[in-house]
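These are the residues of each chain, in order.
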Amino acid sequence: MKTIQIIILLFLSSTFFGQNLKDNNPFIEVTGRAELEISPDEIYLDIRLKERMKKGKKITLDILETSLKNELAIIGVPKTNLFISDINSVISKTGWWSEEILSIGKYSLKITSPKKLKEVFKILEKLKITDAQITKATHSKLREFKKKNRIAAIKAAKEKANYLLKAINANTGKPLKVNETEHQLQDFAQLNHLNVRAEYGSISKVKSYKKDVVQFENIKLTSSIYVIFEIK
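What you see is a predicted model, and the numbers here were worked out from it, not measured in a lab.

Attention now moves to the overall build of the protein chain. Regarding its fold elements, the protein chain presents three helices and eleven strands. The 232 residues of the protein chain split such that 41% are buried. Considering only contacts in the protein chain between residues 6 or more positions apart, those separated by 24 or more positions represent 76%. Carbon and sulfur atoms form 51% of the exposed surface of the protein chain, whose accessible area is close to 14000 Å².

In this section: unusual backbone geometry. Phi is positive for Lys128, close to 60°, though the residue is something other than glycine. Secondary-structure assignment places Lys128 in the loop between α2 (114–126) and β9 (132–138). Residue class for Lys128 comes out exposed when judged on its relative accessible area of 65%. Phi at Asn169 is positive, roughly 60°, even though this residue is not glycine. Note on placement: Asn169 falls in the loop between α3 (142–166) and β10 (172–186).

Structurally, Thr222 is set in strand β11 (residues 219–231). Every residue in contact with Thr222, bar those within four places of it in the chain, is listed here: Arg33, Ala34, Glu35, Asn149, Glu182, His183 and Gln184.

Attention now goes to the environment of His183. On the secondary structure map, His183 appears in strand β10. In this structure His183 touches Lys146, Arg150, Thr222 and Ser223, once residues within four positions along its chain are discounted.

Looking now at the nonpolar core. Of all hydrophobic cores here, the largest spans 25 residues; its most connected members are Leu68 and Leu72. A per-element tally of this core places α2 first, with five residues. The contact partners of Leu68, leaving out residues within four places of it in the chain, are Leu49, Leu82, Ile123, Leu124, Leu127 and Ile129.

Okay, a nonpolar patch on the surface next. A grouping of Ile151, Ile154 and Val178 is seen on the molecular surface, where their side chains present a nonpolar patch of about 240 Å² in accessible area. Considering the arrangement of structural elements, one finds Ile151 in helix α3. In this structure Ile151 comes out as partly exposed when scored by relative accessible area, which is 45%.

For the pair helix α1 (residues 61–74) and α2, interaxial distance at closest approach is 10 Å and the crossing angle is 145°. In the packing of α1 onto α2, the handedness of the crossing is right-handed. Counting all contacts with α1, which are made through Leu68, Glu71 and Leu72, the residues of α2 involved are Val120, Ile123, Leu124 and Lys126. Grouping the constituent residues of the contact of α1 with α2 by class yields five nonpolar, no polar and two charged.

Further remarks concern a positive patch on the surface. Residues Arg52, Lys54, Lys55 and Lys128 make up a contiguous surface patch of positive charge. With respect to the helices and strands, the residue Lys54 is situated in strand β5 (residues 52–54).

In this structure the tally under the stated criterion is five salt bridges. In this structure, Lys106 engages Asp46 in a salt bridge whose closest nitrogen and oxygen atoms are separated by 3.7 Å. Taken together, the residues Lys106 in strand β8 (residues 99–111) and Asp46 in strand β4 (residues 42–50) connect sequence positions 60 residues apart. Relative accessible area serves as the criterion here: at 26%, Lys106 is assigned to the partly exposed category.

When pLDDT is averaged along the protein chain, the result is 78, and 72% of the positions lie at 70 or above. Per-element confidence in the protein chain is highest for α3, whose mean pLDDT is 96, and lowest for strand β1 (residues 4–7), whose mean pLDDT is 45. Confidence drops under pLDDT 50 across residues 1–15; counting only partners more than four residues distant or on other chains, this segment forms 42 contacts. Low pLDDT (under 50) marks residues 189–213, which in the prediction has 68 contacts with non-local residues, meaning those over four places away or in another chain.

This part takes up the environment of Leu142. Mapped onto the fold, Leu142 is located in helix α3. The class of Leu142 is buried, set by a relative accessible area of 12%. Leave out the neighbours within four places in its chain, and Leu142 touches Ile38, Leu185 and Leu221.

Rules of the game
- Think of each chain on its own: its residues are numbered from 1, step by step along the sequence as written.
- Local features in this predicted model are restricted to residues whose pLDDT is 70 or higher, and side-chain atom pairs enter the listing and the counts only when it is 80 or higher, whereas totals over whole chains, interfaces and linings include all residues.
- Excluded from the side-chain calculations are hydrogens and water; all other atoms, namely the structure's heavy atoms, are used.
- Working definition: helices are DSSP H or I runs of at least four residues, strands are E runs of at least two. Numbering for both runs from the N terminus.
- Burial here depends on accessible area, computed with a 1.4 Å probe over protein chains only, as a share of the maximum for the residue type. Under 20% is buried, over 50% is exposed, and the range in between is partly exposed.
- The contact definition used throughout considers only heavy atoms, calling two residues in contact when any of these lie within 4.5 Å.
- Residue exposure ignores everything except the shown protein chains as possible cover, and the areas themselves are Shrake-Rupley values with a 1.4 Å probe.
- Among buried residues, those of type Ala, Val, Leu, Ile, Met, Phe, Trp, Tyr and Cys that are joined through side-chain atoms within 4.5 Å constitute a nonpolar core.
- Only residues above 30% relative accessible area that lack a salt bridge enter a patch, with like-charged residues linked at up to 9 Å and the nonpolar side chains Val, Leu, Ile, Met, Phe, Trp and Tyr linked at up to 5 Å.
- Take a side-chain nitrogen of Lys or Arg and a carboxyl oxygen of Asp or Glu: if they are within 4 Å of each other, that pair is a salt bridge.
- Axes here mean lines fitted to C-alpha atoms, for a helix over just the part in contact, with angles spanning 0 to 180 degrees between N-to-C directions.
- The hand of a helix crossing depends on one turn: near helix anticlockwise from the far one by less than a right angle means left-handed, and clockwise means right-handed.
- Note on residue classes: Ala, Val, Leu, Ile, Met, Phe, Trp, Tyr, Cys and Pro are nonpolar, Asp, Glu, Lys and Arg are charged, and everything else, Gly too, is polar.
- The convention is simple: Lys and Arg are positive, Asp and Glu are negative, and His and the chain ends are not counted.
- Here the site of a charge means atom NZ of a Lys, CZ of an Arg, CG of an Asp or CD of a Glu.
- On a range of 0 to 100, pLDDT expresses the predictor's confidence in each residue.

See below:
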């Protein structure tokens, strides 16, 4: 799958020929539209590690965290990509007459690709970590892509004005008015894996690790630019 796919759509939306009310110059109104699809390179997960008792011995957060970091290092995820955000403690019964104070740690993990995310899910399964959810998917150069898409939209408007006016033996003049009428960011992913949910999108279904399916939709940017050009 290509990392970046660019689709520029030229829509024959409402186009209007008229005259400027101020100086009585003829003008044309057009709208240019562009769409850009990019694959996320920053995917964030919330992971909860819970202390538990095993054969009378407490498996602490330190042990769980170290095990997770070691497994992540094997697949090339830096330890610095995992950081703790919160710790809580609960009193849990560990036997008929005994109780223990067990800690629950909330961690945030950054992944750089859907492919890497698939490997992370296998690690979570191996370590019996069942409480994880995706919170965000974005791109490190998203601002640049937004600019690129807006430029593509205004170029589409100019191209539309050019071929319409050429059909009546006229030329496109200077722009008299420019207005961005639409700019949408549609992320996220459709993910069929574990018990996860997306903060900025939708999850199609919840399935188990065994299905081993991770499918992302690209992040979609849509821009529309409305421009009034003078007619020469």
